Amino acid sequence: MAVRLPCNFHERVCMSPSPSLFRATVALVSPPFASLTYLLPEYLPAEAFAAGQRVIIPLGKGLRMGVLLELLPAGPVMESGPGGGFVLRPLLWPLEKHPLLTERYLALATQLALRQTSTVGQILGSLLPAGMRTTQTRIRFFGEGKPRELKVKGLAELPEDELARLGVLWQEGRAEVCRSGHNPLDAEVCLLAADPPWPVRPAAKAQTALLEYLFEHGTVSRRKLGEALGKGAAQTLATLAGRGLVRIQPADDVCLYDDAASFLAPIAPSGFVLESEQAPSSSKDTNTSPQIKSLGGREEGVRGRGEGNLFQKVPSPLPRLSSSPPSAFTLTAEQQAAVGPLLEVLERRAAETHLLFGITGSGKTAVYLELARRTLEAGRSVLLLAPEVALALKLRADVAAALPQARVVLFHGYQSPSTKEATFRALASLGGGEPRLVVGTRSALMLPLENIGLIVLDEEHDASFKQDEGFIYQAKEVAWYRAGVEGALLLLGSATPDVKSYHAAVQGKIPLHLLTCRAGGGTLPEVRIVQLPKGRAMDHLLAEESMTALHEVVERGEQAVILLNRRGYAPLMYCLSCNGTAKCPHCDIGLAYHKGRERLLCHYCGYSVPYPSPCASCNGMDFLPMGEGTERLEEHLASALPPGTGILRLDRDSTRRPGRMEEILRAFARKEASVLVGTQMLSKGHHFPDVTLAVAVDADLGLNLPDYRAAERTFQLLLQSAGRSGRGEKGGCVIIQTRDPSHYCWEFVKNADYEGFFTRELALREKRRYPPFVRLALIRISYPMDAQTGADEVAALGTLLRAKGRELGVTVLGPAPAPLPFLKGLRRFHCLVKGTDWQPLRALYAEARKSAGKGHLRIRLDLDPVNML
């Protein structure tokens, strides 16, 4: 539905205060997410309402939250419907004196709804923080005598004359809206204070369950923990807190990333050329200002009590750079050449998209920050985005060093709900006022930030910029739309650009800027391809050449990073009694062994059982771990390297405890360990000058997945990983271990030849009709395992889709069983659709959804999918 106001709306309101002149279209932000029409109530004037307000509306016998989309001239009170006439009801009350959301923000929601063939209400229900979607609110009215406080349900029960008196107070600004129904247990959160294995007796199942729940879900409120684990959770929590295994603290003080801005304090930001190389002599000299206690909330003063302290200037936690303001660093000649034309775009306030293609270590971050500085000086805001939290925190640290006077907001999905809500409210109330620099992950794009002059997507190729669960969106598309509306520069940066982005640049559709040299000197590392011996034993996770190089690095006092993109100890547990493997009962996928947690775990649905446990097939207890993960590799290196060699592990398991990621990165930066083992989390963004060796243990992982992007992702991952080596004055070496050294991908990685890989990959995609030569969509179909007619419904749907596809001129492949055909208790099928335009693909999905009706099928549309599993 179009978001609009009637012609001369504001003038008409001032001339005619009668609410009967208008009707309101309101989008429900909860199921069924419909847009409904309401009358304006008689007890409030028309000027009390405007598009973008949250309002309370009656629905059925209850009350619901909605967002007012538009005000239209009033028609008849009686409307006609499928079952006859019905009477329009008045909405109950607004929840803001002034609109929370601007017309531009509502237009963004509308465009997202159109793209996903969804409703505006469903989109807004995904964008608004949880605390802003609830009807559990109360309103305090300040009249004569004691303030009167009413829940919205109480408002609905008042007579109209009383509501009219309260309406006067509302219009005079003598009322405030506040959250209601606050459970005191929501004000406290629980988080892990220790990593597994935990010192808990095997019989203490309640304690283990609570620790496992926090490990899987992260920081949660005491109320949520109690609801999930039952009545005994309070006593169990008290016991574990007393033993120091769990921490309880106020929700607004939750420290999701303790002192994160200084986790790289001993080193300067990568890509910066310092005017003075003098660094503090101890880490004590580089500590963050005492004001900054956590990036989860306190760093920006986010406390859920208004916006007063939200936008503080950022103290510099890194070594102060000696040049005087406004620039804290010096750009190289190549960086200046890239910045020049980009500054011209900023000055013209042109809505343009540009690609910054720079090799690892070339200083793309310095370019981003110089552009950010100039944008802020021009009075416009900046969005600086990274695909992962760790990289966002790294950018946040770089901002603190280079732009200490900037007013910065950090926003990412792991922050507490109160922090997210306070940030959203503060930016909404800011309007187009003083500019802000927002650093965050993809969700930061959905903040109500106004007057944006620059949007940067660092590591633009990363699949994490696509959200493919729940509310599906591609951050690059949203960024492009917002840049177009705001007249902003959208800058995509990467050392390994997305093939589609680089193709657009080669075709002249977007300008290309190159950084071909490492900032501050240094060259790209030597890359060696090493073939893994067939049937190698578990005590030979690294090839002989890799182990020799690793020993040499340790003996020289240098550092190494070891990449294995598989977490846990072993991906499969083989039962020696029945010759089967332990599998998840909900997904039919092998359970991975996590030795530190002493559990077998499904990496897809989270199902887990203690280890050892009897085999589900034969009750046997004799298992053999097969394959290897980062946990096993860490254990192997501890015994293979000289005694006392420091080894750290960086993966999803080792960083579950809040603040642990920063502890690991800080320790490695301070050279407290010689070796850092990890998954793709360590492959990009991090700058460690003493790393001279990078090893990809099993480079074939992911190369043969049923995904047209498999080779591209492998190339990007390995080239990014190679970029961690040789970033200082010392030369670097990269070793890639593979079972198939003849694969074409390795030669391009070895020579850091992006353009050669791009040419080869593009030719394959054109031949097989994949993006960028076609529009691609994936219709995901599933049904519960116990649905007897599910298979017949899928077959019937497939027949319909293929016939309709021929009408629409699109190619329909499938439905066929998904690569993971049984997941979370669902049978899964994929229907791959190719066309020349997006609209026929959406039309086909609309037919599929209509045909499915009230059967057992669940259908979802994924446009331009990045996850084909």
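Scroll up a little and you will see the structure.
Description of the structure in this document. Fair warning: this is a prediction, and the values are worked out from it, not measured in the lab.

## Comments concerning the environment of Arg649
Counting through the fold element by element, Arg649 comes out in strand 30 (residues 647-650). Taking the relative accessible area as the measure of exposure, Arg649 reaches 17% and is therefore buried. For the pair formed by Arg649 and Ile562, sequence separation is 87 residues and the distance between their alpha carbons is 9.3 Å.

## As for a nonpolar patch on the surface
Together, Leu572, Leu576, Leu624 and Met626 make up an exposed nonpolar region whose accessible area comes to about 310 Å². Note that Leu624 resides in strand 29 (residues 623-626). Judged by its relative accessible area of 41%, Leu624 is partly exposed.

## Focus: the sheet that holds strand 11 (residues 188-192)
Across the sheet, 3 strands lie side by side as 12-11-13; this open sheet has antiparallel pairing. Both outer strands of the open sheet, strand 12 (220-221) and strand 13 (246-250), are each paired with one neighbouring strand and no more. Note that strand 11 and strand 12 share 2 bridges and pair antiparallel. If you follow Val189 over to strand 12, its bridge partner there is Ser221. Docked against the sheet, helix 6 (residues 205-217) engages strand 11, strand 12 and strand 13, running at close to 95° with respect to strand 11. Relative to the sheet, helix 8 (residues 233-242) contacts strand 11 and strand 13, its axis offset from that of strand 13 by approximately 105°.

## A word on the side chain of Thr655
Within the element layout of this structure, Thr655 appears in the loop between strand 30 and helix 17 (660-669). Its relative accessible area of 15% is what places Thr655 among the buried residues. The contacts of Thr655, once residues within four sequence positions are left out, are Leu650, Arg660, Met661, Ile664 and Met681.

## Here's the deal with helix 17
Among the 10 residues of helix 17, 8 are classified as buried, and the element is accordingly described as predominantly covered. When we look at burial in helix 17, the residues that qualify are Met661, Glu662, Ile664, Leu665, Arg666, Ala667, Phe668 and Ala669.

Conventions used here
- Note on numbering: residues in each chain are counted from 1, in written sequence order.
- Reporting in this predicted model follows two pLDDT cut-offs: at least 70 for local features of residues, and 80 or more for side-chain atom pairs to be given and counted; totals over whole chains, interfaces and linings ignore these cut-offs and use all residues.
- Working from all heavy atoms in the structure, the side-chain values ignore hydrogens and water.
- Helix and strand assignments follow DSSP, with helices taken as H or I runs no shorter than four residues and strands as E runs no shorter than two, numbered in order from the N terminus.
- The rule is simple: take the accessible area with a 1.4 Å probe, protein chains only, and divide by the maximum for that residue type; under 20% is buried, over 50% is exposed, in between is partly exposed.
- Each patch is assembled from residues with relative accessible area greater than 30% and no salt bridge, linking like charges that lie within 9 Å and nonpolar side chains (Val, Leu, Ile, Met, Phe, Trp, Tyr) that lie within 5 Å.
- Residue exposure ignores everything except the shown protein chains as possible cover, and the areas themselves are Shrake-Rupley values with a 1.4 Å probe.
- The working definition used for a salt bridge is a side-chain nitrogen of Lys or Arg within 4 Å of a carboxyl oxygen of Asp or Glu.
- Pairing between two strands is assigned when DSSP locates at least 2 bridges connecting them.
- In what follows, a contact means two residues having at least one pair of non-hydrogen atoms within 4.5 Å.
- Helix axes use the C-alpha atoms of the stretch in contact, all axes being lines fitted to C-alpha atoms, and the angles between their N-to-C directions lie in the range 0 to 180 degrees.

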